[in-house]
Amino acid sequence: MASFDQLSAAQIAAGVANGDFTAVEVARAALDAVGARDGEVKAFLQVSADLALEAAEKTDKARAAGEKLGPLAGVPVAFKDNMNLVGTRTTCASRMLANYESPYTATCVQRMLDAGATPVGKTNMDEFAFGSSTESSAFHPTANPWDTARVPGGSSGGSAAAVAAGEVTVSLGSDTGGSIRQPASLCGVVGMKPTYGAVSRYGVVAFGSSLDQAGPFGRSVEDVALAMNALTAGGSDPWDSTSQLVDVDFLAHLNDSIEGRRVGIVPALMEAAGLTDEVRDAVIAAGRALQDQGAELVEVDLPNIASAIAAYYVIAPCEAFSNLARFDGVRYGYQEQGCATLAEQTSLSRAHGFGEEAKRRQMLGAYLLSSGTYDKYYYPAQQVRTLITADYARAYEQCDVILMPAAPRTAFKFGELSDPTQMYASDLFTISNNIVGNGGVSVPLGLGAQSGLPVSAQLQGPAFADDRLLTFARAIERSFSPDGGAPVAPAFAGKGGELA
Ligand code: GLN
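Owing to the predicted nature of the structure, the values given are computational and were not obtained by experimental measurement.

(A) Fine view of the overall build of the chain. Counting its secondary structure elements, the chain contains 16 helices and eleven strands. Its C-alpha radius of gyration of 21 Å places the chain within 12% of the 23 Å reference for a compact globule of 500 residues. Taken over the C-alpha atoms alone, the chain extends approximately 65 × 60 × 45 Å along its principal axes. Residues classed as buried in the chain amount to 61% of the 500 residues present. For the chain, restricting intrachain contacts to residue pairs at least 6 apart in sequence, the fraction spanning at least 24 positions comes to 77%. Of the roughly 17,800 Å² that the chain leaves accessible, carbon and sulfur atoms contribute 52%.

Given below as C-alpha cells:
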C-alpha cells in the first residue's frame, strides 16, 4: 500500500473504522515518515512515539470491542509546542521552558485526542510565538518543505511544515497576529484561525490573551473542517471563560454552492506596499474562480486597516509583558544558579532564559504600560481597535466574506528579513482579524508563476461565521486543487510512511 501521506484525515478514520488498516499501522507509518523526513525539515521539537502508539492501540482496542470510533480515529496529529500535553515538555521553543513538563493537557489538544487522533509530537515555533519565520526558536530553525533554504513562516512554522512535508495529516497552531494563516500560506497548506472564543485557550501558553486563538492546519479544507468539529465538540470550556458554544457541523455546508453570495474585495489592500505581483495576481485569480462559481465580487472599504499593525504592536507587547512576567525562574522557568540575591537570580534567569525577540517584546510592553506612555499609546491603540471593528461590521453589511492575500509574498530565505519591523510587516493581511476577533482561513492557490513557491489567498468573515469561511475555501479549492487538497511537498512525498 502507498504512503499514509496520500490519505486525507477522513480516509484514515474510515480506513481504521473499516479495518483496512489499524491505527497502530498508521501511527508507525507517520513515525517512519517523521524519521525519514524530519532530519531535513526539522518541524518537530519532540516526537512522542510512545504516546502515539499508546493512543493508536487504544483506538484499535475500541474497534475490537465494537465501540464507535471518533471522527479522527487514528489520524496522525502534531501540536505546536506552546500547547500542553501530559507526557511531553511544553517549551514554547524557549530556553526558559526547555525542561518544562506539561502538568496537564490543553483543552484543544484533549479534544483532538477525544476524537481519536494519534499524537505524533510537538512542533517548532518562534520563541513564545513572537515572529513570522520560526527562526527565533531557541533550538533550531525549521525548513520550508518546498525549498529547504527558505523559512516555513511562523510562528507556527513547525506545524505548517509537518503537514506540508506529509509527516502528519493535521496539526494545531496558534494565531495571535497571523501565526496560523501566514505559515500555512508559505507552506501551501490550509490554515484556519477560528473566531476568538471558538476554541478554548486553556493550556495554550498565553502570548496576547485578547488576541490568541488556536486552530488547525491540513492539506485540505475537509481535513480542517473535521478538526474544527473536534475542537468545538463538547461546547464551551469552563476553564476558558472567553470560550463559547459553537454548535455547528463544519462539514455540513462544505460543498454548498456559493451562487449569488457576495465576496468583498478591499482595493486598497490589493495595492498595499510590499504585496508582490505574483501573490496579487493569484488572489485576483481566486476571486475570478469564485465569480465563475456564481459569487458576486463587491468592493468594500476598511478605512482604518492601515493602522492595524501599529495598534497590534502596542496591544500585543503589552499583553505579552503581563503574561510573561510569571517566568521569573522561581515560579516557572529556567533558574540561574549561584546568585547572591533573589534580584540577581531573577534578572539573570530572564536575561539568559529569553531570546532577543522575547526580550524586545517585553521591554516594549513594559515601556508602553508605564505611567505617562500608557495614555499616549495603549489607549489610542485600543481606540483604533474599536474603529477597525466598526470598519469590518460595515463591510459585512455588504458581503458574506472578504477575499485578500494571506501573506504579502512567498517564503523568504533564512536571514533575509533581519530588521524586526520588516518581519512585523509579514502579518500585514492577518493582524486586523486578531484585533477584531474574527475568523480567517488561508487557502493554497498552487505555485507562484515567478517563484515556483506556494501562494495563497485568505478569506475573512464575521464573528462565528467560520463554517461559512470553509464553504468559500472549499470553492477555491475546487478550482485550484482539483484532487481535493494540496499536495505533499514533492521532495518529501512518499519518503517513508509506507502503510504496511
Ligand atoms: N508575527 C506576529 C508577531 O510576531 C504574530 C505572531 C502570532 O500570531 N503568534 O507577533
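There's plenty left to go through after this.
(B) A look at the nonpolar core. Formed by 146 residues in total, the largest nonpolar core has its most connected members in Cys-108, Met-112, Phe-128, Ile-402, Leu-403, Leu-459 and Leu-470. Looking at this core element by element, the count peaks at ten residues for helix α2 (residues 23–41). Once you skip the residues sitting within four places of it in the chain, Met-112 turns out to touch Leu-72, Val-77, Phe-79, Ala-117, Val-170, Leu-172, Ala-227, Ala-230 and Leu-231. In terms of nonpolar packing, the next biggest core, distinct from the first, is built from seven residues, Val-151, Ala-407, Phe-412 and Met-423 among them.

(C) Structural detail: the UniProt feature "domain: Amidase" (unreviewed entry) in the chain. Listed under "domain: Amidase" (unreviewed entry) in the UniProt record, and renumbered for this structure, are residues 25–470. Secondary structure over residues 25–470 splits into 38% helix and 13% strand, and the C-alpha atoms at its two ends are 31 Å apart.

(D) How the structure looks around the UniProt feature "active site" (unreviewed entry) in the chain. Residues given the UniProt feature "active site" (unreviewed entry) here are Lys-80, Ser-155 and Ser-179. These residues run over 100 residues, yet every pair of their C-alpha atoms falls within 10.8 Å of each other. The annotated residues named above include Ser-179 as those lining the largest cavity. Structurally, the position occupied by Lys-80 is in strand β2 (residues 76–80).

(E) Structural detail: empty space enclosed by the protein. Applying the stated criterion across every chain, the model contains three cavities of 30 Å³ or more. Reported here for the largest cavity is a volume of approximately 70 Å³. Contributing to the lining of the largest cavity are 13 residues, with Gly-131, Ser-179, Tyr-312, Tyr-313 and Asp-427 lying nearest its centre.

(F) Quick look at helix α12 (residues 356–368). Compared with an ideal rise of 1.5 Å per residue, which puts 13 residues at 18 Å, α12 spans 18 Å between its outermost C-alpha atoms and is within 8% of the ideal. Listed as buried for α12 are Glu-357, Ala-358, Arg-361, Gln-362, Gly-365 and Leu-368. Along the axis of α12, the buried positions cluster into a sector of 135°, meaning they face one direction only. Within α12, the exposed residues directed more than 90 degrees away from the buried face are Glu-356 and Met-363. Residues of α12 that are buried in the fold lie against α10 (308–323), α11 (342–353), α13 (373–395) and α14 (420–424).

(G) Here's a closer look at unusual backbone geometry. That bond from Gly-154 to Ser-155 is cis: its omega, 10°, falls within 30 degrees of zero. Structurally, Ser-155 can be placed in the loop between β3 (118–123) and α5 (157–164). Even without a glycine there, the phi angle at Phe-128 is positive, about 55°. With respect to the helices, strands and loops of the structure, Phe-128 is situated in the loop between β3 and α5.

(H) Structural context of the packing of helix α4 (residues 107–114) against helix α7 (residues 221–232). At a closest axis distance of 8 Å, the pairing of α4 and α7 adopts a crossing angle of 110°. By the criterion of interaxial angle, the relationship of α4 to α7 is roughly perpendicular. Relative to α7, the crossing made by α4 is right-handed. Taken together, the residues of α7 that come into contact with α4 (itself represented by Cys-108, Arg-111 and Met-112) are Ala-227, Ala-230, Leu-231 and Thr-232.

(I) Expanded view of the layout of surface pockets. The volume enclosed by the largest pocket comes to roughly 430 Å³. The wall of the largest pocket is formed by 21 residues, among which Ala-55, Lys-58, Thr-59, Leu-113 and Ala-117 lie closest to the centre. Taken together, the elements giving at least two residues each to the lining of the largest pocket come down to α3 (49–64) and α4. At six residues, the largest contribution of residues to the lining of the largest pocket is made by α3. The volume enclosed by the second largest pocket comes to roughly 340 Å³. Of the residues in the lining of the second largest pocket, the class split is ten nonpolar, four polar and four charged.

(J) Geometry of the environment of Leu-342. Topologically, Leu-342 is positioned in helix α11. Sequence separation between Leu-342 and Arg-394 is 52 residues; the distance between their C-alpha atoms is 53 Å.

(K) Up close: the environment of Glu-357. Tracing the backbone shows Glu-357 in helix α12. Excluding residues that lie within four positions of it along the chain, Glu-357 makes contacts with Phe-130, Pro-420 and Tyr-424. At 2.6 Å, the side chain of Glu-357 forms a polar contact with the side chain of Arg-361.

(L) Structural view of the site of the ligand. Around the ligand, the surrounding shell holds 15 residues, and the nearest of these are Gly-177, Ser-179, Tyr-312, Arg-361 and Asp-427. In the environment of the ligand, a nitrogen atom lies 2.4 Å from a nitrogen or oxygen atom belonging to the side chain of Asp-427. Coverage of the ligand by the protein amounts to 100% of the 290 Å² it exposes when considered alone. The pocket occupied by the ligand, as judged from atoms lying within 2 Å of grid points, is the largest cavity.

(M) Local environment of the sheet that holds strand β6 (residues 214–218). On the basis of which strands lie adjacent, the open sheet formed by eleven strands has the order β1-β3-β2-β4-β6-β5-β10-β11-β9-β7-β8 and mixed pairing. Since the sheet does not close on itself, it has two edges, and those belong to β1 (44–47) and β8 (296–299), each with one partner. The mean angle between the axes of side-by-side strands here comes to 25°, regardless of whether they run parallel or antiparallel. Taken together, the four bridges between strand β7 (residues 262–265) and β8 define a ladder with parallel strand orientation. Bridge pairing in β8 places Val-263 opposite Leu-297.

Calculation notes
- Residues numbered from 1 in each chain as written.
- Predicted model: local features only at pLDDT ≥ 70, side-chain atom pairs only at ≥ 80, totals over all residues.
- Heavy atoms only, no water.
- Helix = DSSP H or I, 4+ residues; strand = E, 2+ residues; numbered from the N terminus.
- Rg over C-alpha atoms; globule rule 2.2 N^0.38 Å.
- Buried < 20%, exposed > 50% of the residue type's maximum accessible area, 1.4 Å probe, protein only.
- Contact = heavy atoms within 4.5 Å.
- Areas by Shrake-Rupley, 256 points an atom, 1.4 Å probe, with all protein chains shown as cover.
- Core = buried A, V, L, I, M, F, W, Y, C linked by side-chain atoms within 4.5 Å.
- UniProt positions renumbered as here; feature names shortened; annotations may be inferred.
- 1 Å grid on protein atoms, 1.4 Å probe; cavity = no way out; pocket = protein on both sides within 12 Å on 5 of 7 lines; lining within 4 Å.
- Points joined across faces, edges and corners; volume = space filled by probe spheres on them.
- Expected span 1.5 Å × (residues − 1).
- Arc of directions from axis to C-beta.
- Axes fitted to C-alpha atoms, helices over the stretch in contact; angles between N-to-C directions.
- Parallel < 35°, antiparallel > 145°, perpendicular 65-115°, else oblique.
- Left-handed = near helix turned anticlockwise from the far one by under 90°.
- Nonpolar A, V, L, I, M, F, W, Y, C, P; charged D, E, K, R; others polar.
- Polar contact = N/O pair within 3.5 Å; in protein donor to acceptor, adjacent residues only side chain to side chain.
- Near = heavy atom within 4 Å.
- Sits in = over half its atoms within 2 Å of the grid points.
- Pairing = 2+ DSSP bridges.

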